[in-house]
Amino acid sequence: MDQIIPRWKAEGWTFTLPAGPGGTTDPTDPPTDPTDPPTDPPGNGGPCDVDYTVVNDWGNGMQGSITISNTGSSPINDWTLRFTLSGVTISNGWNGDWSQSGSQITVNAPSWNPTIQPGQSTQLGFAASKSGSTSPPDQFILNGTACS
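Here's what I pulled together on the structure shown here. Each chain has its residues counted from 1, running along the sequence as written. Only residues with pLDDT of 70 or above have their local features reported here, since the model is predicted, and side-chain atom pairs are shown and tallied only from 80 upward, although totals for entire chains, interfaces and linings are computed over all residues. Note that the side-chain values use all heavy atoms of the structure and ignore hydrogens as well as water.

1. Observations concerning the sheet that holds strand 11 (residues 145-147)
Pairing is antiparallel across the open sheet formed by 5 strands, whose spatial order is 6-7-4-10-11. The open sheet terminates on both sides in strands that have one partner only, identified here as strand 6 (97-101) and strand 11. Geometrically, the sheet is characterised by an average inter-axis angle of 25° between neighbouring strands, direction not taken into account. At least two DSSP bridges between two strands are required for those strands to pair. Secondary structure elements are defined from DSSP: runs of H or I of at least 4 residues count as helices, runs of E of at least 2 residues count as strands, and each element is numbered from the N terminus. Here 3 bridges tie strand 10 (residues 140-142) to strand 11, and the two strands are oriented antiparallel to one another. Paired with Phe-140 across the bridge in strand 11 is Cys-147. Helix axes are fitted to C-alpha atoms over the stretch in contact, other axes to C-alpha atoms as well, and angles between N-to-C directions run from 0 to 180 degrees.

See below:
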């Protein structure tokens, strides 16, 4: 249990212990702050690898390409990819259902291609307007799991 519970906590699981005689609960598991951003539940997101490439940059716009590879031994089903890309506004995305809230970008698997089989990959793309230079995303989260 000493190894399993910390791993589950790192994957986003939370645990509530019954109050002890003094009315206290586990002090190492602080309550959720309502101002914290929502997190994805643990899922079948990895292991995975994501490659990001700027295909074209024309100053006030760009085209990007993202390849998601399943490096594990199980299929990745109904995938959702999340990442942050500052200074861009997505105008068109393909091979996924794209949405954007500020710099947070979410791509859901399209209904015609919801699964990435082991050893396989899928390629996404987008066109965006931008202001100034943009840095590549630091991290890609697939079904709640960080990809390399």
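Continuing now.
2. Side note on the pattern of salt bridges
Within this document, salt bridges are pairs made up of a side-chain nitrogen of Lys or Arg and a carboxyl oxygen of Asp or Glu, the two lying within 4 Å of each other. Within this structure, the stated rule accounts for 1 salt bridge. Between Asp-57 and Lys-130 there is a salt bridge whose closest N-O contact spans 3.4 Å. One end of the pair, Asp-57, is in strand 1 (residues 48-57); the other, Lys-130, is in strand 9 (residues 121-130), and 73 residues separate them in sequence. On the accessibility criterion, Asp-57 (44% relative accessible area) is partly exposed. Judged by relative accessible area, which is 11%, Lys-130 ranks as buried. Burial classification: accessible surface area is computed with a 1.4 Å probe over protein chains only, and a residue below 20% of its type maximum counts as buried, one above 50% as exposed, and the rest as partly exposed.

3. Some details on the packing of aromatic side chains
Centre distance within 6.5 Å is the pairing criterion for rings of Phe, Tyr and Trp, where only the six-membered ring of Trp is used; planes under 30 degrees apart are then read as stacked, over 60 as edge-to-face, and the remainder as tilted. This model, assessed by the stated rule, comprises 4 aromatic pairs. An angle of 40° between the planes, with centres 6.5 Å apart, marks the rings of Tyr-52 and Phe-140 as tilted. Taken together, the positions of Tyr-52 in strand 1 and Phe-140 in strand 10 put the pair 88 residues apart, joining distant regions of the chain. Both residues of the pair, Tyr-52 and Phe-140, belong to the buried class. Seen in terms of ring centroids, Phe-83 and Phe-140 are 5.1 Å apart; in terms of plane orientation they differ by 50°. Their pairing is tilted. Here Phe-83 is found in strand 4 (residues 80-84), whereas its partner Phe-140 is found in strand 10, with 57 residues between them in sequence. Across the pair, Phe-140 and Phe-83 agree in class, each one buried. Of the aromatic side chains, those joined through ring pairs into one cluster are Tyr-52, Phe-83, Trp-98, Phe-126 and Phe-140.

4. A short note on the sheet that holds strand 5 (residues 88-94)
Spatially, 1-2-9-5 is the arrangement adopted by the 4 strands of the open sheet, whose pairing is antiparallel. Looking at the sheet topology across the chains shown, the edges are occupied by strand 1 and strand 5. In this sheet, neighbouring strand axes are inclined to one another by 25° on average, regardless of whether the strands run parallel or antiparallel. With 9 bridges connecting them, strand 2 (residues 61-70) and strand 9 associate as antiparallel partners. Within strand 9, the position partnered with Gly-64 by the bridge is Phe-126.

5. As for the nonpolar core
Ile-66, Ile-68, Trp-79, Leu-81, Phe-83, Trp-98 and Phe-126 are the most contacted members of the largest nonpolar core, which totals 24 residues. Among the elements of the structure, strand 1, strand 2, strand 4, strand 5, strand 7 (104-108), strand 9 and strand 10 are those that each provide at least two residues to this core. Take the buried residues of types Ala, Val, Leu, Ile, Met, Phe, Trp, Tyr and Cys, join any two whose side-chain atoms come within 4.5 Å, and each joined set is a nonpolar core.

6. Considering the environment of Phe-126
Positionally, Phe-126 belongs in strand 9. By the convention used here, residues are in contact when the closest approach between their heavy atoms is within 4.5 Å. Discounting residues that sit within four places of it in the chain, Phe-126 has contacts with Tyr-52, Met-62, Gln-63, Gly-64, Ile-66, Leu-85, Ile-90, Asn-92, Gly-93, Trp-94 and Trp-98.

7. Overview of the pairing of strand 7
Across 5 bridges, strand 4 lies against strand 7 in antiparallel orientation. Following the sheet pairing, Leu-81 is matched in strand 7 by Val-107. Direction of pairing for strand 6 relative to strand 7: antiparallel, over a ladder of 5 bridges. Bridging from a neighbouring strand, Ser-99 pairs with Thr-106 of strand 7.

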